[in-house]
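Working through the structure, step by step
What follows is the residue order along each chain.
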Amino acid sequence: MWLTIATPPTQSLDQLDAVMGSATPDGLRARYACRADGEFRVIAVWESKEHADRFFREVLGPILARVLGPEPSGAPAMTGMEVLREFVPGQPSPVS
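What comes next concerns the included structure. (Residues numbered from 1 in each chain as written. Predicted model: local features only at pLDDT ≥ 70, side-chain atom pairs only at ≥ 80, totals over all residues. Heavy atoms only, no water.)

1. Re the pattern of salt bridges
The following threshold applies: A pairing counts as a salt bridge when a side-chain nitrogen of Lys or Arg comes within 4 Å of a carboxyl oxygen of Asp or Glu. Here a helix means four or more residues in a row that DSSP labels H or I, a strand means two or more in a row labelled E, and each is numbered from the N terminus. Exposure is judged per residue with a 1.4 Å probe applied to protein chains only, and the accessible area is read against the type maximum: over 50% gives exposed, under 20% gives buried, and values in between give partly exposed.
Scanning the model with the defined rule gives 6 salt bridges in all. Of the charged contacts in the structure, one is a salt bridge between Glu-47 and Arg-29, with a shortest N-O distance of 3.9 Å. You can see Glu-47 sitting in the loop between β3 (39-46) and α2 (49-68) and its partner Arg-29 sitting in strand β2 (residues 28-36), a full 18 residues away along the chain. Its salt-bridge partner being Glu-39, residue Arg-41 comes within 3.3 Å of it at the nearest N-O pair. A residue is classified by how much of its surface remains accessible, and Arg-41, at 19% relative accessible area, is buried. Under the relative-accessibility criterion, Glu-39 is labelled partly exposed at 34%. Connected via shared salt-bridge partners are Arg-29, Glu-47 and Glu-86.

Put into structure tokens, the structure is as follows:
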């Protein structure tokens, strides 16, 4: 599993909704829109790093260009990390 935390180049939920749309990208398990330090953050949980990389490369780039213009003010800052363990209340815990 792979988790990404991105700071999109937008400051409104309407723009964020226009960029993200209603489609579910391949491999996306969950996505959360948040605000931290006055900026939007989008936290996404992916099946794999490859799913996240393909989405950012093939889907998000063209959408950002269409919605925000060919040169949006600043590229999204993004951090990715491997999920080592997942805990979901009400589901059995993995056996170590």
